[in-house]
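Inside the fold
Read off the chains here:
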Amino acid sequence: MLEPSIDQLQTHIKSKYTLATLAARRGRQIQDEKILQIEKPNSVKPVGIALEEINAGLLTYISTEYKERRQ
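Here we summarise the structure given alongside this text.

Digging into the overall build of the protein
Within the protein, the regular secondary structure consists of 4 helices and 0 strands. Each helix and strand of the protein, placed in order from N terminus to C terminus, yields the pattern α-α-α-α. The buried share of the protein, taken over its 71 residues, is 28%. Taking the contacts inside the protein whose residues are at least 6 apart along the sequence as the reference set, 41% of them involve residues at least 24 apart.

The following block contains the structure:
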């Protein structure tokens, strides 16, 4: 079972595609730099840690698409 759940994560980021892209990019950054924004992550894998950061509200994104920025 995925923890945090996809339903919890989608309260922070609506698009599943954006969520996956953001988690993958942050996971690579965690793997390279070993700098975490969360103190005691439950996951040992970088993408899992990135998902925990998103769920904690520590990781967001800025949309480049005009429609999404207007909302």
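Structural notes on helix H2 (residues 16–33)
For an α-helix, 3.6 residues make a turn, and residues three or four places apart therefore share a direction. Taking 1.5 Å of rise per residue, the 18 residues of H2 would be expected to cover 26 Å, and the 25 Å separating its terminal C-alpha atoms lies within 8% of that figure. Within the sequence span of H2, burial applies to Thr18, Leu19, Leu22, Ala23, Arg26, Gly27 and Ile30. All buried residues of H2 project into a common sector of 160° when viewed along the axis, lining one side. Of the exposed residues in H2, the ones pointing more than 90 degrees away from its buried face are Tyr17, Arg25, Arg28 and Asp32. Check the buried side of H2 and you find it contacts helix H1 (6–9) and helix H3 (46–55). Looking one or two residues beyond H2, the residue adopting positive phi is Lys34, at roughly 60°.

Describing the nonpolar core
Counting residues in hydrophobic clusters, the biggest one holds 12 residues: Leu9, Ile13, Leu19, Leu22, Ala23, Ile30, Ile38, Ile49, Ala50, Leu51, Ile54 and Leu59. Among the elements of the structure, H2 and H3 are those that each provide at least two residues to this core.

Notes on the side chain of Arg26
Position of Arg26 among the secondary structure elements: in helix H2. Among the polar contacts listed, one links the side chain of Arg26 to the side chain of Gln29, at a separation of 2.8 Å. Sequence-distant contacts of Arg26, that is, excluding residues within four places in its chain, are made with Ile35, Leu36, Gln37, Ala50, Glu53 and Leu59.

The rules behind the values
Residues numbered from 1 in each chain as written. Predicted model: local features only at pLDDT ≥ 70, side-chain atom pairs only at ≥ 80, totals over all residues. Heavy atoms only, no water. Helix = DSSP H or I, 4+ residues; strand = E, 2+ residues; numbered from the N terminus. Buried < 20%, exposed > 50% of the residue type's maximum accessible area, 1.4 Å probe, protein only. Contact = heavy atoms within 4.5 Å. Expected span 1.5 Å × (residues − 1). Arc of directions from axis to C-beta. Core = buried A, V, L, I, M, F, W, Y, C linked by side-chain atoms within 4.5 Å. Polar contact = N/O pair within 3.5 Å; in protein donor to acceptor, adjacent residues only side chain to side chain.

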